[in-house]
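Descriptive analysis of the structure
If you want the building blocks of each chain, they are given just below.
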Amino acid sequence: MSSETLYMSLVGEWTALIENGTVRVGERLPSVRKACAIHKVSPSTILATYRALEDRGLIEARPQSGFYVKGVARLPLPLMRRQSETHAGEQGEADQLELVMGAQTRTDVIDLSLASPRGSDFYPTTRLKQIVSKLVRQHPELTTDYPFPPGSERLRRQIAQRALGSGCVLSPDDIVVTNGCTEALQLALHAVCKPGDTVGLESPTYFGLIPLAKSLGLSVIEIPTHPASGLSLDALELLLSEKRLSALVVQPTVQNPLGASMPLAARQRLAALVSEYRIPLIEDTPHADLFYGAAPPDSVKSWDKEGWVLLCSSFSKTLAPGFRIGWIAPGRFLHEVMRLKIAGSLGQPRLLEEALAEYLESGGFDHHLRFIRRQFMAQMEKLRAAVASHFPAGTRATSPSGGCLLWVELPKGVDTLALFQRALAEGITVAPGALYSARGRFNNCVRLSCCYPWTPAYERALLRFAALACEAAATPAP
């Protein structure tokens, strides 16, 4: 490569790093000596590169200090990680999911759909901070000892004690701590299925399950799920009788995205079907503690006598999403789950496990849950009222049994993926309904959330999205 070509290449690379936010405004660029070592070029080439960037207004030289990204430079918004440009209609499921989740990580948008709150208004952040600080002082070995499965015995004991509230009698040895509920689901599917198997999912279902199943080489069958009563057991029994399923994933309590909870009789029937057909049931319960009633209904696992139910949950929706602490009680598949956990990610940070265990031991969790449920209940009513008043005529919405998620069905013909793109251009993000189906169903549906402080900014964003929905439906609000 000639010196001129190399120089232009470096200018292009640094321009891209500055424009996509990898090197931010105000940050110092590497010294000339360090940059020479990084790029394996001469000082004259680096100086020429920095002068070109300075001429473009991207950096500035500060005497006896170095080169810095210029604060007055007007930079475009950060680029998406995927470099190829595609139209919305050409995107596959993975691309659509990456697009939506990428929007949710941006700090310049108001997110109307995220399934767990941001900030400390809904979490006992101060108390957890105190516990972590104390543990670091008193037990510094927690930051140096290597963690191994199945995780903190103290935390597993607390999980087992709390499981009694959903009718499950577990011992700490029945439980494996995981990296959030996502890893619990991954371990469960990997333990009970092999590539080529077919897994039954609710329809609509949690959008993360679809790419997870496909990444393991599994096919998916969608089973109709009612917004009030949950999974259709008649449809399930037909599939089981035809031996079309190798496993089943269900959220019987506060289902995502519908918020539905199965009645007690339906749970008993589901447990009986699992036992009769000897099919693994992965019971996914991350939102169960947010049930609006006095206590969550008994889990399907509570009727499991032969270990066919793998119970999965986490503290990410209720206590500390940043800790990424989940768990699985895999029943008869415990040995296989342990083997996969050891082969995969080993353990979680012991410091965070012990901090959660101490918080649970203190007895403050139930008080916190009552607080967060009251907040969600009040804000859910406000959200449903706003949808009824401002969304297009003909819009329908669920009446969730708990949690913070509202499933909204807009008039037929509304493309919520296109609506997502329009809203994102105005700094608002939602979750389009097609993400919740392996076959792209529910394209006129959208998931909204009420797990944020009801600020004027949030309300303005919600009403603006409602106005965009009315435009897309060519129908005024009722």
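The structure contained in this document is the topic of the report that follows. Quantities reported herein were computed from a predicted structural model and do not represent experimental measurements.

**Some words on the overall build of the chain**
The secondary structure content of the chain amounts to 15 helices and 16 strands. Relative to the 2.2 N^0.38 estimate, which gives 23 Å for 478 residues, the radius of gyration of the chain is 25 Å and therefore close to what a compact globule would have. Its C-alpha atoms give the chain principal-axis dimensions of about 75 × 60 × 45 Å. By the burial criterion, 51% of the 478 residues in the chain qualify as buried. Once local pairs closer than 6 in sequence are excluded, the contacts in the chain between residues at least 24 apart make up 71%. The chain carries 50 positive and 46 negative side-chain charges, and their two centres are separated by 3 Å.

**Looking at the packing of aromatic side chains**
Enumeration according to the criterion identifies 13 aromatic pairs in this entry. Measuring from centroid to centroid gives 6.4 Å for Y359 and F365, while their planes differ by 70°, and the two rings are edge-to-face. Of the two residues, Y359 and F365, neither departs from the other in class, the shared state being buried. Taken together, the aromatic side chains of Y206, F207, W407, Y436 and F442 make up a single cluster linked through ring pairs.

**Details of empty space enclosed by the protein**
Counted according to the given criterion, the structure contains 1 cavity of 30 Å³ or more. In this structure, the largest cavity encloses a volume near 40 Å³. Residues of the lining of the largest cavity, tallied by class, amount to 3 nonpolar, 6 polar and no charged.

**A short note on the pattern of salt bridges**
It is possible for side chains bearing opposite charge to pair when their charged atoms get close. Under the definition given, this model contains 23 salt bridges. Across the pair R157 and E153 runs a salt bridge whose closest N-O atoms are separated by 2.6 Å. Of this pair, R157 and E153 both sit in helix α6 (residues 153–163), 4 residues apart, which is roughly one turn of that helix. Owing to a relative accessible area of 30%, R157 belongs among the partly exposed residues under this scheme. You can call E153 partly exposed: its relative accessible area is 40%. Salt-bridge contacts for R162 lead to D366; the nearest nitrogen and oxygen are separated by 2.9 Å. With R162 in helix α6 and D366 in helix α13 (residues 365–390), this residue pair connects regions lying 204 residues apart in the sequence. Under the relative-accessibility criterion, R162 is labelled partly exposed at 28%. For D366, a relative accessible area of 36% translates into the label partly exposed. One network of salt bridges, with partners in common, ties together K134, E153, R154, R157, R350, E354, E358 and E361.

**Regarding the side chain of E358**
Its location among the elements puts E358 in helix α12 (residues 350–361). Filtering out sequence-adjacent residues up to four positions away, E358 remains in contact with I131, K134, L135 and R154.

**A look at α13**
The end-to-end C-alpha separation of α13 is 37 Å, in line with the 38 Å expected for 26 residues at 1.5 Å each. Among the residues of α13, those classed as buried are F365, H368, L369, I372, R373, F376, Q379, M380, L383, A386 and V387. Packing partners of the buried residues in α13 comprise α6, α12, β12 (396–397), β13 (405–409), β16 (445–449) and α15 (456–473).

Calculation notes
Residues numbered from 1 in each chain as written. Predicted model: local features only at pLDDT ≥ 70, side-chain atom pairs only at ≥ 80, totals over all residues. Heavy atoms only, no water. Helix = DSSP H or I, 4+ residues; strand = E, 2+ residues; numbered from the N terminus. Rg over C-alpha atoms; globule rule 2.2 N^0.38 Å. Buried < 20%, exposed > 50% of the residue type's maximum accessible area, 1.4 Å probe, protein only. Contact = heavy atoms within 4.5 Å. Lys, Arg positive; Asp, Glu negative; His and termini not counted. Charge placed at Lys NZ, Arg CZ, Asp CG, Glu CD. Phe/Tyr/Trp six-rings, centres within 6.5 Å; stacked < 30°, edge-to-face > 60°. 1 Å grid on protein atoms, 1.4 Å probe; cavity = no way out; pocket = protein on both sides within 12 Å on 5 of 7 lines; lining within 4 Å. Points joined across faces, edges and corners; volume = space filled by probe spheres on them. Nonpolar A, V, L, I, M, F, W, Y, C, P; charged D, E, K, R; others polar. Salt bridge = Lys/Arg side-chain N within 4 Å of Asp/Glu carboxyl O. Expected span 1.5 Å × (residues − 1).

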